[in-house]
Amino acid sequence: MSHACKILQASAENIDLCVDLLRDGAVLGVPTETVYGLAGNALNEESVRKIFEVKGRPLLDPLIVHFSSIEQAEAHVEFNERARALAAQFWPGALTLVLPKKDTISDLVTAGLPSVAVRVPGHPIFRSLLKRLDFPLAAPSANPFGYVSPTLAEHVAATLGDRILAVLDGGACEHGVESTIADLRNPNAPMILRPGPLSAEQLGMQNVEVELKQPSNKSAQPAPGMLTLHYSPDTPITLFRHGERPSCVQQSEAVLYNTKPAADKLAENTFWLSESGDLTEIAHNLFMLIQKLDVGGYTQLQVERAEDVDIGIAVNDRLSRAAAKR
Ligand code: TXA
Ligand code: MG
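Rules used throughout
- Residues numbered from 1 in each chain as written.
- Chains lettered and ligands numbered in written order.
- Predicted model: local features only at pLDDT ≥ 70, side-chain atom pairs only at ≥ 80, totals over all residues.
- Heavy atoms only, no water.
- Phe/Tyr/Trp six-rings, centres within 6.5 Å; stacked < 30°, edge-to-face > 60°.
- Helix = DSSP H or I, 4+ residues; strand = E, 2+ residues; numbered from the N terminus.
- Buried < 20%, exposed > 50% of the residue type's maximum accessible area, 1.4 Å probe, protein only.
- Salt bridge = Lys/Arg side-chain N within 4 Å of Asp/Glu carboxyl O.
- Core = buried A, V, L, I, M, F, W, Y, C linked by side-chain atoms within 4.5 Å.
- Contact = heavy atoms within 4.5 Å.

So, about the packing of aromatic side chains. Within the structure shown, the criterion is met by three aromatic pairs. Pairing Phe 79 with Trp 91 gives two aromatic rings, centres 6.1 Å apart and planes at 85 degrees, and the pair type is edge-to-face. Taken together, the positions of Phe 79 in the loop between helix H3 (70–74) and helix H4 (81–90) and Trp 91 in the loop between H4 and strand E5 (95–100) put the pair twelve residues apart, joining distant regions of the chain. Like Trp 91, Phe 79 is buried. For the ring pair Phe 240 and Tyr 257, a centre distance of 5.7 Å and an interplane angle of 75 degrees mean the geometry is edge-to-face. Taken together, the residues Phe 240 in strand E11 (residues 237–240) and Tyr 257 in strand E12 (residues 253–259) connect sequence positions 17 residues apart. Here Tyr 257 falls in the buried class, since its relative accessible area comes to 9%.

Here it is in structure tokens:
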């Protein structure tokens, strides 16, 4: 753990500073409405390379490119009518579209794929950066490869702080899980590649069963972020069914429920993601609480699965990957 980097409050001067650093090719931690990102100039190969290095990410796992507007995105990707309609309805927001790339986007960003994942983010601080720059920002989640995604600036500083100059503080991320990724290459058969804050129903798509696939290390994956083992804390995670209780709990283990259990006296190792069981709140708190429990000295985290609807589908997707065996 290292806190060498600066956590910058989002003052006008600090935004100016970040704009200068990004123009110089630096890679910085930035807030988004989903999770914190590790951002660099998407059109500068050296910056893109730095992103992979800082994150310790294999070059086979492509990056999402963030734009300030649909118009800016149109210059770098081939839209179709359906993608354009989704962008008009959901951007700025937590929707990433996979579309054919134009030549301005290098193969390094897309891991050699002819498509690129793009979104216009909604976080006001991230937007103010993008509006000041004349290039888009490539940004994966700002966690070391395979670890839990960061939802606070402090998470970024604690895990990548010795490798970046600064992280811009935008507070706790609203959604707490990464954007929904939809493959729109074929507008007649759009596919959800990663469940997220926007559900398949909201997007007018079918919910595909997201499989936990073992990655092949030979070529870029159709959905390379969908590695079986991902989002994992150092402490082993086991899951139990929604609405149930774990069968056996050691004192050295922590139990994480969706909702505060109804009991007069709760054991000290009992935690919950929401007072009321609200799914939006459960997602918002998920990575934050897992990171907190991960440094709590527990031998194991027993976590309740969420209800399999709306953003609960994304929560369960992340939990299944976090609990996958190493
Ligand atoms: O909410 C988010 O999407 C956050 C914030 C920072 O924007 N970003 C994020 O990036 O989650 P990352 O790199 O952790 O996950 C992006 C995933 C990649 O792992 C990859 O699977 C998928 O997006 N992806 C990127 N380009 C793709 C492509 N051309 N085809 C299919 N999937 C792609
Ligand atoms: Mg990620």
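Our focus in this paragraph is the pattern of salt bridges. Applying the stated rule across the entire model yields 13 salt bridges. A salt bridge links Asp 16 to Arg 132; the shortest N-O distance between them is 3.0 Å. Taken as a pair, Asp 16 in helix H1 (residues 12–23) and Arg 132 in helix H6 (residues 124–132) lie far apart in primary sequence, 116 residues in all. In this structure Arg 132 comes out as partly exposed when scored by relative accessible area, which is 38%. The salt bridge involving Asp 107 is made with Lys 101; its shortest N-O contact spans 3.7 Å.

What follows deals with the nonpolar core. Ranked by size, the top nonpolar core spans 46 residues in total, and within it Phe 79, Trp 91, Leu 95 and Leu 97 carry the most contacts. Mapped by element, the contributors of at least two residues to this core are helix H2 (45–55), H3, H4, E5, helix H5 (107–110), strand E6 (115–119), helix H7 (153–160) and helix H8 (200–203). When near neighbours in sequence (up to four residues on either side) are disregarded, Leu 95 contacts Leu 86, Phe 90, Val 118, Arg 119, Ser 179, Thr 180, Ala 182, Leu 198 and Leu 203. Core analysis: the second largest hydrophobic core is formed by 27 residues, Tyr 147, Val 148, Leu 279 and Ile 311 among them.

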